[in-house]
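# Understanding the architecture of this molecule
Residue strings, one per chain:
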Amino acid sequence: MKGTNIGEFEELVLLTIASQIDQAYSVMICDEIERVTGRKVKLGVVHSVLNRLEEKDLINSRLGEATKARGGRRKRFFEVSKAGKAALIKAKEQRDQLWNTIPDVVFKEYFLQF
């Protein structure tokens, strides 16, 4: 395993994979991140992150069955590994710790707007 720290986009990809259980594939991951974040996501970037996460042993992949709809090509499905789940929990705990240190007054004006 290379490292357990994850970047923001790696976290988004891992969370998307986890939300789809064992049915996550690259195009679906790309579409789901765009839908949730409103960010334009390039498939090549998602592939790059998937390769990096697999090198870090944070995800596992398997090939599905070939289909006529895909011209006989097979989809690669991804799942979060045990190390990937640990990395996500660590990232969430760190974010929660930081959020909990912010005094209420910092966001008081923001919440008064709504």
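Our structure is the block above this text.
Residues numbered from 1 in each chain as written. Predicted model: local features only at pLDDT ≥ 70, side-chain atom pairs only at ≥ 80, totals over all residues. Heavy atoms only, no water.

## Structural notes on the packing of aromatic side chains
The tally for this structure, following the rule as stated, stands at 4 aromatic pairs. Considering the side-chain rings of Tyr 110 and Phe 111, the 5.4 Å spacing of their centres and the 80° angle between planes classify their relative orientation as edge-to-face. On the basis of relative accessibility, which here comes to 45%, the residue Tyr 110 falls in the partly exposed class. Among the aromatic side chains, those forming a connected cluster through ring pairs are Trp 99, Phe 107, Tyr 110 and Phe 111. The positively charged end of Lys 75 is found above the aromatic ring belonging to Tyr 25, 3.9 Å away from the centroid. (Phe/Tyr/Trp six-rings, centres within 6.5 Å; stacked < 30°, edge-to-face > 60°. Buried < 20%, exposed > 50% of the residue type's maximum accessible area, 1.4 Å probe, protein only. Lys NZ or Arg CZ within 6 Å of the ring centre and 35° of its normal.)

## So, the sheet that holds strand β1 (residues 24-25)
Read across the sheet, 3 strands follow the order β1-β3-β2 without closing on themselves; strand pairing throughout is antiparallel. Edge positions in the sheet fall to β1 and β2 (59-66), since each of these pairs with one other strand and no more. (Pairing = 2+ DSSP bridges. Helix = DSSP H or I, 4+ residues; strand = E, 2+ residues; numbered from the N terminus.)

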